Amino acid sequence: MVTMIDPEAERKEILRHYRRILRYAKPFLKDGDAKIIKKAFNTSVEAHKDMRRKSGEPYILHPLAVAQIAVEEIGLGTTSIVAALLHDVVEDTEMEIADIEREFGPSVAKIIEGLTKISGVFDYGTSQQAENFRKMLLTLSDDVRVILIKLADRLHNMRTLDSMPRHKQLKIASETMYLYAPLAHRLGLYAIKSELEDLYLKYTDTDTYKDISNKIRQTRSARSKFIKDFISPIEEELSKYGFKFNIKGRPKSIYSILKKIKKQNITFDEIYDLFAIRIILDVPLENEKAACWQVYSIITDFYQPNPDRLRDWVNTPKANGYESLHTTVMSKSGQWVEVQIRTKRMDEIAERGYAAHWKYKAEGAASESGLEVWINKVRDMLENNTANALEFMDEFRKNLFVEEVFVFTPKGELIILPDKATALDFAFEIHSQIGLQCLGAKVNQKLVPLSYKLKNGDQVEILTSQKQKPNEEWLQYVVTSRARSRIKEALREERKNRAEQGKAMLDRRLELLEVQDTHNNMNKLMAFFNVPTLQDLYYRIATGHIDIKNIKEVIFTAAVDKATSMLEPKTFDKEVQKIRGVNSDMLVIGEKTSNMEYRVATCCNPIPGDDVFGFQTEDDEIEIHRTNCKEGMELMSNYGNRVIKAKWTDQKELAFLAGIRIKGTDRVGLVNDLTKIISTSLKVNMRSITIDSNDGIFEGNIMVFVNDTSHLEKLIQRMSKVNGVLTAERFD
């Protein structure tokens with residue numbers, strides 16, 4: 001189908017987008033700003049004039065949309081608008097960074113350099129995606145706007161993902177969920193984070209996404225009426241006290257609802273706080289705390305609060321700058337409602353994160369906040385990072401999802417660490433040297449081990465010894481990247497020294513056996529003991545994992561044969577495939593690869609009918625994952641180039657393992673009824689059943705072999721009808 005292109009209509013649309021940006025930017029434009037934005041716009045139009053997006057629209061609409069998001073949704077200024085308009089110019093045309101610097105100045109050039117992808121060949125064990133992400137983060141230490149514009153770019157790509165081929169959709173959505181959504185959260189951009197998570201769900205688990213959004217739509221009118229009744233007495237009272245305020249009721253995001261359903265093991269109808277009421281006060285900075293607490297006391301005069309659900313982020317803001325007072329109260333109709341109380345300033349910081357934070361800082365409102373402390377930590381991590389890009393990404397992600405724990409030094413200084421941090425993390429936070437020599441700790445005057453998890457309000461004293469040395473086990477105790485990188489560094493150093501000792505031991509042994517230290521002989525040794533590198537061989541000899549006496553002349557005289565190797569993996573898998581008769585035309589993988597060896601991933605156990613993708617492993621096998629698999633998300637984020645399209649063909653002979661979780665009220669004969677349905681009515685083989693009953697309520701897990709998802713659905717439907725069963729659902 002050829003769509004007719006109307007150049008005049010397109011020109012008008014492009015201008016409409018451009019004028020919209022200027023309209024939003026107008027309040028902060030200084031002399032000459034409009035001129036430089038116009039110049040950037042014209043440069044971008046010229047550069048992309050013959051290009052179109054996958055959807056068929058002119059490419060220039062993408063940079064325009066990114067600039068619009070930057071100014072309207074993140075609240076950035078002129079430099080960022082210019083950089084957003086030009087962000088793809090260097091990558092897609094002959095223009096160089098130097099040309100940008102000459103025309104638009106060094107700060108725009110620096111941002112665009114951070115946004116331009118690296119091309120070329122990468123070391124084994126890393127990936128282009130990881131290297132690009134690392135490069136972008138390295139500019140974080142110069143200019144946070146790089147990342148904010150990258151988030152705007154990613155948000156627009158996710159909003160227009162419909163026109164992309166399926167494997168690209170999966171790769172981009174996974175990468176977004178793996179890195180960009182947590183990054184948006186960490187920089188305090190809650191609205192963008194929620195939208196990215198919802199869009200990820202839309203493309204990786206479409207049915208669930210549609211199901212929840214339909215339910216939210218169906219309950220909308222009832223919800224609006226409920227909110228109206230709930231807030232009317234509060235509005236009256238606040239007006240009486242002379243507050244200037246604004247009240248909003250908003251439903252939770254689809255992704256956060258799904259997370260709750262999974263985490264608490266409940267159905268959509270059981271989620272009590274589907275929506276939150278937000279009260280935004282317009283008060284001067286110096287009265288903020290008092291005003292928030294006064295409003296809290298007014299609300300709790302009308303509605304009974306749940307004392308366990310009070311969260312005070314007004315006195316101790318979150319690390320990403322978030323400030324707000326949250327409480328959950330019981331409404332007159334018997335529903336719990338979350339109420340968030342905050343001022344206009346706090347609301348802007350919550351919605352726009354980093355950019356708003358800077359705006360208020362310029363007005364003198366904030367001292368150094370948690371956000372800057374975090375950015376400084378990331379800088380520190382970037383400067384001291386020797387790991388490859390993939391390890392680096394992993395470390396970086398660990399630093400994104402953090403709740404915090406507040407602890408004190410013996411002198412009463414407050415130290416903020418990520419949740420689940422241990423006494424050992426605390427030691428490294430004080431000083432690297434103290435961490436490396438840490439023996440144990442005293443928490444609230446009691447002796448605790450290094451692995452002790454800190455709790456809010458703990459007072460911690462570290463005990464050290466000159467003789468102490470870090471060991472591998474320490475890596476399991478720590479959660480902060482600072483501690484991890486220092487421990488890894490120390491272990492690397494130690495490993496290097498041990499390897500040198502091992503080499504000396506091996507040299508002496510070879511001399512004794514009168515064997516030459518040749519490349520060929522070393523390969524024979526490595527094959528025999530099944531070690532990947534010489535360094536590993538030396539290290540294992542030094543630590544005694546390889547007994548030096550086992551190195552005998554016969555190893556060097558025999559031909560290198562796989563049979564002499566002590567370990568041969570993979571044969572087991574092949575045997576199992578033979579027995580189970582997995583035949584290779586069951587899956588259509590990619591376009592021309594139906595005969596490739598494949599295996600079903602154990603992390604998500606896909607069964608026919610599930611939405612799946614293939615992943616090419618290091619040894620050229622294809623591993624099949626469900627598209628909403630957590631591990632799959634990481635693979636697609638780091639090795640997008642190895643993702644292969646896969647779909648099931650019709651087959652009925654094979655059985656796949658799936659789990660069903662059931663809950664209900666206990667009665668005599670219930671298990672008998674359930675097993676009857678499984679074995680007789682649907683001829684399903686059952687692998688295991690565990691049922692736990694307590695005070696008349698039971699919960700059970702049943703593992704069954706089914707042919708595909710429709711087979712499983714039928715089984716679940718029939719089980720739901722058994723007298724006493726309240727819910728039956730698949731679990732991973």
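Now for a description of the structure that goes with this document. (Residues numbered from 1 in each chain as written. Predicted model: local features only at pLDDT ≥ 70, side-chain atom pairs only at ≥ 80, totals over all residues. Heavy atoms only, no water.)

### Considerations on the pairing of strand S17 (residues 656-665)
Item 1. When you tally the buried positions in S17, you get seven out of ten residues, the bulk of the element.
Item 2. Direction of pairing for S17 relative to strand S19 (residues 697-706): antiparallel, over a ladder of ten bridges. Residue pairing for S19: Ile662 is matched across the bridge by Gly700.
Item 3. With six bridges joining them, S17 and strand S20 (residues 725-731) adopt antiparallel strand pairing. When the bridges of S20 are listed, Ile660 appears paired with Arg730. (Buried < 20%, exposed > 50% of the residue type's maximum accessible area, 1.4 Å probe, protein only. Helix = DSSP H or I, 4+ residues; strand = E, 2+ residues; numbered from the N terminus. Pairing = 2+ DSSP bridges.)

### Structural notes on a positive patch on the surface
Item 1. Side chains of Lys259, Lys262, Lys263 and Lys630 sit close together on the surface and give a patch of like positive charge.
Item 2. Looking at the positive patch element by element, the count peaks at three residues for helix H14 (residues 254-264).
Item 3. Taking relative accessible area as the criterion, Lys262 reaches 56% and is therefore assigned exposed. (Patch = residues over 30% accessible without salt bridge, like charges linked within 9 Å, V, L, I, M, F, W, Y side chains within 5 Å. Areas by Shrake-Rupley, 256 points an atom, 1.4 Å probe, with all protein chains shown as cover. Salt bridge = Lys/Arg side-chain N within 4 Å of Asp/Glu carboxyl O. Lys, Arg positive; Asp, Glu negative; His and termini not counted. Charge placed at Lys NZ, Arg CZ, Asp CG, Glu CD.)

### Description of the sheet that holds S17
Item 1. Taken in spatial order, the four strands line up as S18-S19-S17-S20 in an open sheet, and their pairing is antiparallel. Looking at the sheet topology across the chains shown, the edges are occupied by strand S18 (685-694) and S20. Put simply, the sheet's adjacent strands are angled 15° from each other on average, direction ignored.
Item 2. By the bridge criterion, nine bridges tie S18 to S19 in an arrangement that is antiparallel. From the neighbouring strand, Ile689 faces S19, where its bridge partner is Ile702.
Item 3. Contacts between helix H30 (residues 709-720) and the sheet are confined to S17, S19 and S20, with S20 contributing the most and set at about 165° to the helix. (Axes fitted to C-alpha atoms, helices over the stretch in contact; angles between N-to-C directions. Contact = heavy atoms within 4.5 Å.)

### Details of the packing of aromatic side chains
Item 1. Across all of its chains, the model carries eight aromatic pairs by this definition.
Item 2. On the numbers, 5.9 Å between centres and 70° between planes, the contact of Trp313 with Tyr322 is edge-to-face. Each member of the pair, Trp313 as well as Tyr322, is classed as buried.
Item 3. Both rings, one in Phe528 and one in Phe529, keep their centres 4.9 Å apart while their planes meet at 90°; by these two values the pair is edge-to-face.
Item 4. Through a chain of ring-to-ring contacts, three or more aromatic side chains come together here, namely Phe226, Phe230, Phe302 and Tyr303.
Item 5. Over the aromatic face of Phe104 sits the side chain of Lys39, whose NZ or CZ is 5.1 Å from the ring centroid. (Phe/Tyr/Trp six-rings, centres within 6.5 Å; stacked < 30°, edge-to-face > 60°. Lys NZ or Arg CZ within 6 Å of the ring centre and 35° of its normal.)

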